[in-house]
Every structure is written in C-alpha cells, then in structure tokens.
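Close look at the chain arrangement
Each chain, letter by letter, is given below.
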Amino acid sequence: MQCQECGKRPATLHFTKIVNGEKTEFHICEACAREKGELIPGTAGGFSIHSLLSGLLDFSPATSSQASGVKPAENLHCEKCGLTYSQFSKLGRFGCSSCYKYFNDRLDPLLRRVHGNTTHVGKVPRRVGGHIHMKRKLDDLRRELQYRVLHEQFEEAAALRDQIRELEKNISAE
Amino acid sequence: MGNLQFTEQPLSEWMNRDGNESNIVISTRVRIARNLVECPFPILATNQQSEEVLNQFEQVLSDERMQPFGQLHPIELDDLDDLDKQVLVEKHLISPSLVTESRNGAAFISDDESLSIMVNEEDHLRIQCLYPGLQVKEAWEKASAVDDIFEDHVDYAFDDKRGYLTSCPTNVGTGLRASVMIHLPALALTSQIGRILSAVTQVGLAVRGIYGEGSETVGNLFQISNQITLGQNESEIIDNLYGVVVQIIEHEKAAREKLLSDSRIRIMDRIMRSYGILSYSEIIDSKEAAQRLSDVRLGVDLGFVNVPFHALNELNVMTQPGFLQKRQGGNMSPGERDIYRAKVIREHLKDNLQ
Ligand SMILES: [Zn+2]
Ligand SMILES: [Zn+2]
C-alpha cells in the first residue's frame, strides 16, 4: 500500500481516526510522518485504499517499455482466468495463480516497492515443492564437493560427484 | 443457527490462559494465506468453484492429525444473522472481509477459539492462530503445523520464485502476517509514542492504531505486524517482530516506572477517576469506554486498582456494538447502546470486585 501523503513510499503507519463519530483511515510512510512532526496528518481528503493500491500498481514501466521490449500493458492478460493487466491495476488483486506467470515481466518493480524484494526464501510445500527441495540439496552437495576437492579428500569427492549426477538425472527426468 | 456458542461469551477460552507479558501485550495473532493452484482466486471464482473449494477443505478436517487442535466447528456465513457475524468480527475470530465480500465464505473455529480456519476470504484458505500475551513463535508453529496437514491433501499455488501465490501482492511469498496487540498507555502519556512507533516502521513492521478527535489514541491499543512477506523467511519475520515488541515493552515498562516516580499522585488520580466513571456512569460511548478501560488496565498493573485482567479483556469485547446488541437481543440505536454499555460495565466491574 502506498503512502497517501507522498504517493512514493509504501505506507507503514495505518491509523483509524474518529471525527464526529465518523471513521477515516490513514496510511502514511514513516518519512512523511516524521516530516509532519506528528503521526497523523490533519485532514483525510477523499482518500480510499483502492485508489492507493491502484496508484501503486499503475506504476508501469511505460517510459522504458519500448526499450526493454516489455509488452505494452493494454495487450497483457492472463490466459488462464482472462484478467487483463489494467483490471489488475484497478483491483489490486490477481485473478488466479497463473496471473503471476503472465504478468511476471511487470511484477519485479511492484514487488520491490511493496516488499523491497522479489524472491521468496521461506517455507516450501513438501509435495508441490519437491523439485525445489532437490535443487536446494543439489546446491548443498556441490558446495561440499568443492570443499572436499579443496582439501584433497578425493575419495569423498568422488562419492559426492556420483550423488550429484544421480540427483541431476532425477531433476531433469521430472 | 439459533445459538452459536462463539457469540455467547465475550472472552474466548484461549484468553483465559496466561500469556507472556500479559500486563502489556493483549494477544498475538498469526495468519497464513494459501490458495489452490487449479481454482481462480475467490474474487473471480464462480459460485460452483467456491463451493468446490469449501468441499475440498472440509475433507482435510477429518484427517486424524487435526485432532490435537480440538474440535473444529463449521460455520457457513450465509447461515448466520448479522449480529452473530458482527460479534465474530469483534472477537477477531473472522475477518470483516469474510463477512462483506465472501461467496460461500466459511470458518472452522476450534472449541477454545484459538484456531480459526477461514475459507473463501480474499484467499481460498486463511489459517489463523490466536494466543494470549506475547507468543509469536508458538502461534506461528501451530499455524504452520495446520498448514502442513492441508498441504498433504490439496495442491497449493506455489512458485519457485514468488513463493505462495496470493490474491493480493502484499501477501505473496510466505503469506504470513504476524501481529501483536499491545497496550502502551505510559508511552502515550509521556509523549514518546510517536517516536517509538515511527522507529518501528523502519524495520519492516507496520503499526495500526485508532485515534480519536485530537491526537490522543483511543484505548492506547496498537497492533504491530510484519509488512514484508517476500524475501524474508518465516523465522526472520517472527524473530524480527518478537525482538521489536520486546524492546517496546521495555520502553513501556520504563515509562510506567517514570510515571510512578515523577507523578504518582496525578497518574493515580487519573486512573481512579476513570475507574469511578466506569463504575458509576449512566451513559458512556465506545470511545470514552475504551479510554477509561485503558486507564484502569494501567491502574491494575501499577497496583492502584484490583480488577483481574481477564475482566478488562472481557469488557473490551462486551462494550462493542455487536456484542451489546447480541446480549440485549436485538438492534439498538447508538444512544440506546451508550446507556446499555454503561450498565454492562457497572455490573461487570461489580461482579469482579476482589
Ligand atoms: Zn510518504
Ligand atoms: Zn489469472
């Protein structure tokens, strides 16, 4: 969610303010809160959560799209659920899991602004993520192989090499 | 559904247990968002598809590994009347959007109300664990264990690079939102709250609070949660939140000490006035009730007032509009609620005199 003051940084302070019994939500970033010298800006204006998020998603690499060869947003849609990129921008929601694949080229800048990151490093489901577990194991084995070679433990290294070959065969067979 | 057990009592059973730091931290909540790979997300799912999602999840509940979590009661939102829905939201057992936006929305709530599994909310599946006091790791481990059981039965939407795929880009990756509800009256009274909360947001956390007419918070309650779900793993998220909350607790404790040493009589006066108003008033609105309850809660910790914390936790729920109307048995105007609220508070404090 975007800061409602500067419209640039993600909002990290979320407050509900009650004036004459009417609730208004505030979403601002730390920098703006600091600049204002207070946590809560004085007035709410016609702010809505949806306009914020869609403002964030509208951040399309329009200026660089010709140069980078990224498809123009108007032609972009998810072939599984039919959601277009512009619908996604307005809704702030994906339509199905395949949207991530079809909108992939445009997601990095968006995710970097929301999370400061683009790549998952956490939990992996055991069944669906079977090959990911294997890849992570492969990385471990390769590291160990390097270590053994470096320390001239060639017998162990040969065993590791066999293990790695076997695992690689399994992964490519999938 | 005539008598829903969860809307009869204000205090969930899980709240009765002792939590860490429970004089400052009210509760810990962890939720994880998951989706099925084959079905469109709830905003695009047809009626038939969302029904199918619900059926799939219902079957998981008969897995014997679910037994340690206690009996899970199925609640279909379409079967509930509006007041019951509102009370479930006020008790944090379901989310507001499950009420307003869901199609074939359902929840499975454990007997002690510490586990709530929401279906067809913004995502197909949301597993929520509630704990008293500060227990972030415990809540995460329980939610993750339930997640493992579901994962054995259904195919989650998961991607090598993006992690668990969610309807909203703000949840993608771990799908994990951990939050702590914390009561910070002394930091508010000593005007340090802004500085501290602002620092909290610099380490990837978000703060939610409620402000009244001026700059004063209502009830001095803040919810601190992780903002980032992508690029940090679950233990980093959990440890970061825990570590920051522990520091905030230290600041709040120090501020309470300082209030006691610098202005004992004034803070005592404020607390006792609030206690008096709660004990004797005939009309009280929800905002004032929250503020006075905050004062009394501080008074209990400082030893000026002798009311058990659980009675105050109960009043936090009992004074909400939905619960008041549920208890009274029908719709009430705001004016009628203010009168009834005062009565409920007076009687509850009298019942809990020690
Ligand atoms: Zn800003
Ligand atoms: Zn799609």
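Up top you'll find the structure we're talking about.
Here the structure is a predicted model, which means the values were calculated and not measured. The numbers attached to residues start from 1 for each chain and follow its sequence in the written order. Note on labels: chains are lettered from A, ligands numbered from 1, in written order. In keeping with the model being predicted, local features are shown solely for residues with a pLDDT of at least 70 and side-chain atom pairs are shown and tallied solely at 80 or more, while totals for entire chains, interfaces and linings include all residues. Only hydrogens and water are set aside when side-chain values are computed; all heavy atoms of the structure are taken into account.

When a carboxyl oxygen of Asp or Glu lies within 4 Å of a side-chain nitrogen of Lys or Arg, that pair is called a salt bridge. Within the structure shown, the criterion is met by 32 salt bridges over all chains. Between B:Asp147 and A:Lys123 there is a salt bridge; the shortest N-O distance is 2.7 Å. Of the two residues, B:Asp147 sits in helix α6 (residues 136–153) while A:Lys123 sits in the loop between α6 (104–115) and α7 (130–150), which places them in two different chains. Residue B:Asp147 shares its accessibility class with A:Lys123, and that shared class is buried. Its salt-bridge partner being B:Arg346, residue B:Glu282 comes within 3.5 Å of it at the nearest N-O pair. Residue B:Glu282 is found in the loop between α9 (234–280) and α10 (286–302), and its partner B:Arg346 is found in helix α13 (residues 334–351); the two are separated by 64 residues along the sequence. Each residue is assigned to one of three classes by its accessible area relative to the maximum for its type, calculated with a 1.4 Å probe on protein chains only: buried under 20%, partly exposed between the two thresholds, exposed over 50%. A residue is classified by how much of its surface remains accessible, and B:Glu282, at 52% relative accessible area, is exposed. Linked through salt bridges whose partners overlap, the residues forming this network are A:Arg93, B:Glu121, B:Glu122, B:Asp123 and B:Arg126. Think of it this way: any DSSP run of H or I at least four residues long counts as a helix, any run of E at least two long counts as a strand, and we number them from the N terminus.

Turning next to the coordination of the zinc ion (ligand 2). All names here are of chain A. Nitrogen, oxygen and sulfur within 2.8 Å of a metal are treated as its donors, or within 3.2 Å for sodium, potassium and calcium (Na, K, Ca); water is not counted, so a site can appear incomplete. Coordination of the zinc ion (ligand 2) by the protein is provided by Cys-78 (SG), Cys-81 (SG), Cys-96 (SG) and Cys-99 (SG), with metal-donor distances spanning 2.3 to 2.4 Å. Note that the zinc ion (ligand 2) binds four donor atoms; their angles at the metal cover 100 to 125°, and the shape is tetrahedral. Within one chain, the residues donating to the zinc ion (ligand 2) are spaced in sequence as C-x2-C-x14-C-x2-C. In this pair, Cys-78 is assigned in the loop between α3 (65–68) and α4 (85–91) and Cys-99 in helix α5 (residues 99–102), connecting sequence segments 21 residues apart. Each of the two residues, Cys-78 as well as Cys-99, counts as buried. In these descriptions, tetrahedral denotes four donors with every angle between 85 and 135 degrees, square planar four donors and octahedral six donors with opposite donors over 155 degrees apart and the rest between 65 and 115, and irregular any other case.

What follows is about the pairing of strand β5 (residues 125–132) of chain B. Residues and elements named next belong to chain B. Burial analysis of β5 places eight of its eight residues in the buried class, the great majority of the element. Judged by which residues are buried, β5 turns out to be covered on both faces: Leu-125, Ile-127, Cys-129 and Tyr-131 on one side and Arg-126, Gln-128, Leu-130 and Pro-132 on the other are all buried. Two strands qualify as a pair provided that DSSP identifies no fewer than 2 bridges between them. By the bridge criterion, eight bridges tie strand β1 (residues 25–34) to β5 in an arrangement that is antiparallel. Note on β5: the bridge partner recorded for Ala-33 is Arg-126. Two strands pair when backbone bridges link them, and strand β4 (residues 115–119) and β5 are joined in this way by five bridges, in the antiparallel orientation. Across the sheet, the residue bridging to Leu-115 is Cys-129, located in β5. Counting the residues in the hairpin turn of β4 and β5 gives five residues, including Asn-120, whose phi is positive at 60°.

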